[in-house]
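Residue-level structure breakdown
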Amino acid sequence: MPTRFSNPRLLWLTKINDRSQRAYMTNAHEKGHAVIKIATQTCVAGLTGRDITEFLMTCDTRRYQAWWPGTHLRFFTRDGGPGHVGSWFFMDEYVGRHRVRVGGRVIELDPGRRLVLKLSRFVPLPVWLTLDLRDTDDGVVIRHEIAAGFRGAGRVFDPLFRLHFNRRFATDMDAHVREEFSRLPALLATERAASGAIG
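None of these values were measured; they are calculated from a predicted model.

Let us look at the overall build of the protein chain. Within the protein chain, the secondary structure is distributed over 4 helices and 9 strands. Starting at the N terminus and walking to the C terminus, you meet the elements of the protein chain as β-β-β-α-α-β-β-β-β-β-β-α-α. By the burial criterion, 47% of the 199 residues in the protein chain qualify as buried. Across the protein chain, contacts joining residues at least 24 apart in sequence account for 47% of those joining residues at least 6 apart. Carbon and sulfur atoms make up 56% of the accessible area of the protein chain, which totals about 10500 Å².

Structure, rendered in structure tokens:
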């Protein structure tokens, strides 16, 4: 199942479900420390990578709720400066039966291609959410990845991450990512139509 996005240094690999071999949960080593990863790759027609990064960097609670009513609850950002790197964000949503409230900062942004968020919950966490985006002739390939793991002596706390980032959560996150991004083209089309009518 390796793709151009895959990490070749996987210690073990487990398929999350039978619908796709592109959804997986792994233990890997990066720069000498263990990392838990939950990743989904999906293709969405009628959407570009720039559509996604521009939407996320300008999203607010009203648009977030319209994106997926009843599942997306709150979202806001505070701009950190040129290029949005350093911007602070907060999101509140359901992932399956899990209520997920998390904030953090934008640590990398290549518009239309890549977005990396460093997550926090009261304090900064060694958890990163990465979107890698690749445009195709009819849409965009999205790779959504959550990576978590402490370095050094902090690795003794890694089992706490495994309690949360378990197979049930990985399955729910996979379904969540596929559903939410499949909804985005319709929302953006509605917004563009409304903007054109006003103009």
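That was the structure; now back to the text.
As a further point, take the pattern of salt bridges. Evaluated as defined, the whole model comprises 12 salt bridges. The partner of Arg192 in a salt bridge is Asp51, with the nearest N and O atoms 2.8 Å apart. Remark: Asp51 occurs in helix α1 (residues 49–58) and Arg192 occurs in helix α4 (residues 167–198); sequence separation between them is 141 residues. When the shortest N-O distance is used, the salt bridge between Arg183 and Glu179 registers 2.8 Å. Of the two residues, Arg183 and Glu179 are both situated in helix α4; the distance of 4 residues between them amounts to about one turn of the helix.

Another aspect to go through is the pairing of strand β6 (residues 98–110). Bridge count for strand β5 (residues 88–95) against β6 is 8 bridges, and the pairing is antiparallel. Within β6, the position partnered with Met91 by the bridge is Val102. Where β5 hands over to β6, the hairpin turn is made up of 2 residues, of which Gly96 adopts a positive phi near 65 degrees. Linking β6 to strand β7 (residues 114–121), which pair antiparallel, is a turn of 3 residues; within it Gly112 sits at a positive phi near 85 degrees.

On to the confidence of the model for the protein chain. In this model, the protein chain carries a mean pLDDT of 80, and residues with pLDDT of at least 70 account for 73%. Here strand β1 (residues 10–15) stands out as the least confident element of the protein chain, with mean pLDDT 33; helix α2 (residues 61–67) is the most confident, with 98. Here residues 1–33 is a poorly scored stretch, pLDDT under 50, and it has 83 contacts once near neighbours within four places are set aside; other chains count.

Below, the discussion takes up the environment of His84. For His84, the location among the structural elements is in the loop between β4 (72–78) and β5. Residues His84 and Arg105, spaced 21 residues apart in sequence, show a C-alpha to C-alpha distance of 9.5 Å.

Tallied over the entire structure, the rule returns 6 aromatic pairs. Between the aromatic rings of Phe55 and Trp67, the centroid separation amounts to 5.2 Å while the plane-to-plane angle is 85 degrees, which identifies the pairing as edge-to-face. Of this pair, Phe55 sits in helix α1 while Trp67 is found in helix α2, placing the two residues 12 residues apart along the sequence. Grouping residues by exposure puts Phe55 and Trp67 together as buried. Pairing Tyr64 with Phe75 gives two aromatic rings, centres 5.1 Å apart and planes at 40 degrees, and the pair type is tilted. Taken together, the positions of Tyr64 in helix α2 and Phe75 in strand β4 put the pair 11 residues apart, joining distant regions of the chain. Just as Tyr64 is buried, Phe75 falls in that class too. By the ring-pair criterion, three or more aromatic residues cluster together here, those being Phe55, Tyr64, Trp67, Phe75 and Phe181.

With respect to the element layout, Gly139 can be found in strand β9 (residues 139–148). Counting along the chain gives 46 residues from Gly139 to Pro185, while the straight-line C-alpha distance between them is 9.9 Å. Beyond its immediate stretch of four places on either side in the chain, Gly139 contacts Val44, Ala45, Gly46, Leu47 and Arg134.

All right, on to the nonpolar core then. Ile52, Leu131, Phe181 and Leu184 are the most contacted members of the largest nonpolar core, which totals 39 residues. In terms of residue count, the dominant contributor to this core is α4 (8 residues). Not counting the four nearest positions on each side in its chain, Leu184 is found in contact with Leu47, Ile52, Phe55 and Trp67.

Calculation rules
- Residues numbered from 1 in each chain as written.
- Predicted model: local features only at pLDDT ≥ 70, side-chain atom pairs only at ≥ 80, totals over all residues.
- Heavy atoms only, no water.
- Helix = DSSP H or I, 4+ residues; strand = E, 2+ residues; numbered from the N terminus.
- Buried < 20%, exposed > 50% of the residue type's maximum accessible area, 1.4 Å probe, protein only.
- Contact = heavy atoms within 4.5 Å.
- Areas by Shrake-Rupley, 256 points an atom, 1.4 Å probe, with all protein chains shown as cover.
- Salt bridge = Lys/Arg side-chain N within 4 Å of Asp/Glu carboxyl O.
- Pairing = 2+ DSSP bridges.
- pLDDT = per-residue confidence, 0-100.
- Phe/Tyr/Trp six-rings, centres within 6.5 Å; stacked < 30°, edge-to-face > 60°.
- Core = buried A, V, L, I, M, F, W, Y, C linked by side-chain atoms within 4.5 Å.

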